[in-house]
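A structural walkthrough
Here is how the chains run, residue by residue.
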Amino acid sequence: MGIETIGVIGAGQMGNGIAQVAAVAGLRVTMVDVKQEFVDRGMATIRKSLAKMVEKQKMTAADQAAALGRIGTATDLSGAEGWDMAIEAAVENETVKKDLFRELDQKCRPGAILATNTSSISITAIGAATRRPESVIGMHFMNPVPLMTLVEVIRGHATSGATAAAVVDLAKTMGKTPLEANDSPGFVANRILLPMINEAIFALHEGVATKESIDGIMKLGMNHPMGPLALADFIGLDTCLSILQVLHDGFNDSKYRPCPLLKKMVAAGHLGKKTGQGFYHY
Ligand code: CAA
Ligand code: NAD
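Quick caveat: nothing in here was measured; it's all calculated off a predicted structure.

**With respect to the pairing of strand S4 (residues 85-88)**
Residue alternation in S4 divides its side chains into two sets, Met-85 and Ile-87 and Ala-86 and Glu-88, and both sets are buried. As defined by bridge partners, strand S1 (residues 5-9) adjoins S4 across four bridges and the pair is classed as parallel. Residue pairing in the sheet places Gly-7 in a bridge with Ala-86 of S4. Strand direction decides the pairing type here: S4 and strand S5 (residues 113-116), joined by four bridges, are parallel. The partner of Glu-88 across the bridge, within S5, is Thr-116. Crossover connection from S4 via helix H4 (residues 94-107) to parallel S5: handedness right-handed.

**What to know about the environment of Ala-125**
For Ala-125, the position within the fold is in helix H5 (residues 123-128). Spatially, the C-alpha atoms of Ala-125 and Asp-183 are 10.0 Å apart, while their sequence positions differ by 58 residues. Ignoring any residue separated from it by four or fewer positions in sequence, one finds Ala-125 in contact with Glu-94 and Lys-98.

**Focus: the site of ligand 2**
In the region of ligand 2, 23 residues are neighbours, and Asp-33, Glu-92, Lys-97, Ser-119 and Ile-235 sit closest. Take Met-14: an N or O atom from its main chain is 2.9 Å from an oxygen atom of ligand 2. Contact between ligand 2 and Ala-90: an oxygen atom at 3.1 Å from a main-chain N or O atom of the residue. When the free accessible area of ligand 2 is taken as 830 Å², the share hidden by the protein chains comes to 86%.

**A short note on the sheet that holds S1**
Spatially, S3-S2-S1-S4-S5-S6-S7-S8 is the arrangement adopted by the eight strands of the open sheet, whose pairing is mixed. Each edge of the sheet is formed by a strand with only one pairing partner; in this case those strands are strand S3 (71-74) and strand S8 (177-182). Neighbour to neighbour, the strand axes of the sheet diverge by 25° on average, direction disregarded. Against the sheet, helix H2 (residues 36-55) contacts strand S2 (28-32) and S3, and its axis sits at roughly 160° relative to S3. Seen against the sheet, H4 touches S1, S4, S5 and strand S6 (136-141) and runs at an angle of roughly 165° to S5.

**Topic: the site of ligand 1**
Near ligand 1 there are 18 residues, and of these Ser-49, Ser-119, His-140, Asn-143 and Asn-190 occur at the shortest range. Between ligand 1 and the protein, one listed contact pairs an oxygen atom with a side-chain N or O atom of Ser-119 at 2.7 Å. Among the elements of the structure, H2, helix H7 (189-205) and helix H9 (228-235) are those that each provide at least two residues to the shell around ligand 1. Looking at the shell around ligand 1 element by element, the count peaks at three residues for H2. Looking at the shell around ligand 1, its residues break down into ten nonpolar, five polar and three charged.

**Section: the side chain of Glu-88**
Mapped onto the secondary structure, Glu-88 falls in strand S4. The contacts of Glu-88, once residues within four sequence positions are left out, are Ile-9, Lys-97, Leu-100, Phe-101, Ala-115, Thr-116 and Asn-117.

**Looking at the packing of aromatic side chains**
Applying the stated criterion across every chain, the model contains one aromatic pair. Above the plane of the ring of Tyr-280 lies Lys-211, whose end atom (NZ or CZ) is 5.6 Å from the centre.

**Some words on the pattern of salt bridges**
Within the structure shown, the criterion is met by eleven salt bridges. The residue Lys-98 makes a salt bridge to Glu-94 at a minimum N-O spacing of 2.9 Å. Taken together, the residues span about one helical turn, with Lys-98 and Glu-94 both in helix H4 at a distance of four residues. When its relative accessible area of 34% is taken as the criterion, Glu-94 is described as partly exposed. Notably, a salt bridge pairs Glu-103 with Lys-107, separated by 2.8 Å at the nearest N-O pair. Placement of the pair is Glu-103 and Lys-107 together in helix H4, with a separation of four residues, close to one helical turn. A residue is classified by how much of its surface remains accessible, and Glu-103, at 30% relative accessible area, is partly exposed.

Definitions and cut-offs
- Residues numbered from 1 in each chain as written.
- Chains lettered and ligands numbered in written order.
- Predicted model: local features only at pLDDT ≥ 70, side-chain atom pairs only at ≥ 80, totals over all residues.
- Heavy atoms only, no water.
- Buried < 20%, exposed > 50% of the residue type's maximum accessible area, 1.4 Å probe, protein only.
- Helix = DSSP H or I, 4+ residues; strand = E, 2+ residues; numbered from the N terminus.
- Pairing = 2+ DSSP bridges.
- Right-handed = clockwise from strand over helix to strand, strands pointing away.
- Contact = heavy atoms within 4.5 Å.
- Near = heavy atom within 4 Å.
- Polar contact = N/O pair within 3.5 Å; in protein donor to acceptor, adjacent residues only side chain to side chain.
- Areas by Shrake-Rupley, 256 points an atom, 1.4 Å probe, with all protein chains shown as cover.
- Axes fitted to C-alpha atoms, helices over the stretch in contact; angles between N-to-C directions.
- Nonpolar A, V, L, I, M, F, W, Y, C, P; charged D, E, K, R; others polar.
- Phe/Tyr/Trp six-rings, centres within 6.5 Å; stacked < 30°, edge-to-face > 60°.
- Lys NZ or Arg CZ within 6 Å of the ring centre and 35° of its normal.
- Salt bridge = Lys/Arg side-chain N within 4 Å of Asp/Glu carboxyl O.

Right, here's the structure in full:
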């Protein structure tokens, strides 16, 4: 059976990006968040992103209108029985994700695939919260979703080959390049990226250089599109801290310990671009 209708859970920066690329690819999408204002903010971001693509002549105005027409919104999972698949992109918190997957398992029809966009949390553990672990999988998009081509595909211990094949096909339909990784804390992308970001925060914390120097050195010296501190702000400092905690707990290795400065900034509510204040002011 083909995947034509999906639910995207979470309308934050990742959820709205996933909803956008799915709708552009021709799928009917319902984007869900806990409050109408969050869903409205996600829709506003999608409109802005599609308008930019029309302005840059990467899309026609007719395709923009058709894509927008394929996106509906909701503030609960009551429509989930009509979906062929759900892609969860709520906060990076294992309890929240397990609760959501339990509810999705109850509401979605048998056979519907339940994917998570988690950055680091065990797909096996999320799958075990459901009665269909064979249909639970990691479908890890990169930020910003409309521009980044990678989708990291992660099978849990019980994920079936048919589920993985369907998700690989779907990623290609969305214009992305799927690459598989095994279920291990942080998978590949964040096992390698987050220790670099954490080290940059330690360098700032210890006064090795200013934030501008740290970011400039990595941009000019390594040809990275963004410095690690700007990238941390872009990802969200709460998400960075959650990923590092999963790595630290998962490997039980002190090399992944989150920098105290990162913990302090999250405690202060300075979460980066999404709150207007992180290492930089927005
Ligand atoms: N929608 C549509 N178009 C967009 C857009 C969006 N959301 N954002 C930017 N654009 C367009 C711009 O209009 C611009 O178009 P033109 O080239 O035609 O002018 C183009 O995309 C490039 O944008 P900018 O000029 O604003 O900026 P840039 O050249 O610096 O590129 C970037 C922006 C792609 C974000 C780049 O800085 C970059 O690649 N940064 C690193 C991103 C990265 O590492 N992502 C991974 C994060 S980690 C992760 O995702 C995993 C995890 O679990 C945490
Ligand atoms: P975000 O903070 O921008 O958005 C999260 C959204 O989830 C919020 O709007 C919140 O209201 C909503 N939410 C929370 N609980 C919910 C629930 N029970 N039901 C529905 N919605 C709920 O976060 P984000 O950056 O979009 O990250 C979302 C997920 O994607 C996380 O698991 C994160 O690790 C992962 N991810 C993030 C990035 C990134 O660069 N930020 C990249 C790849 C993957």
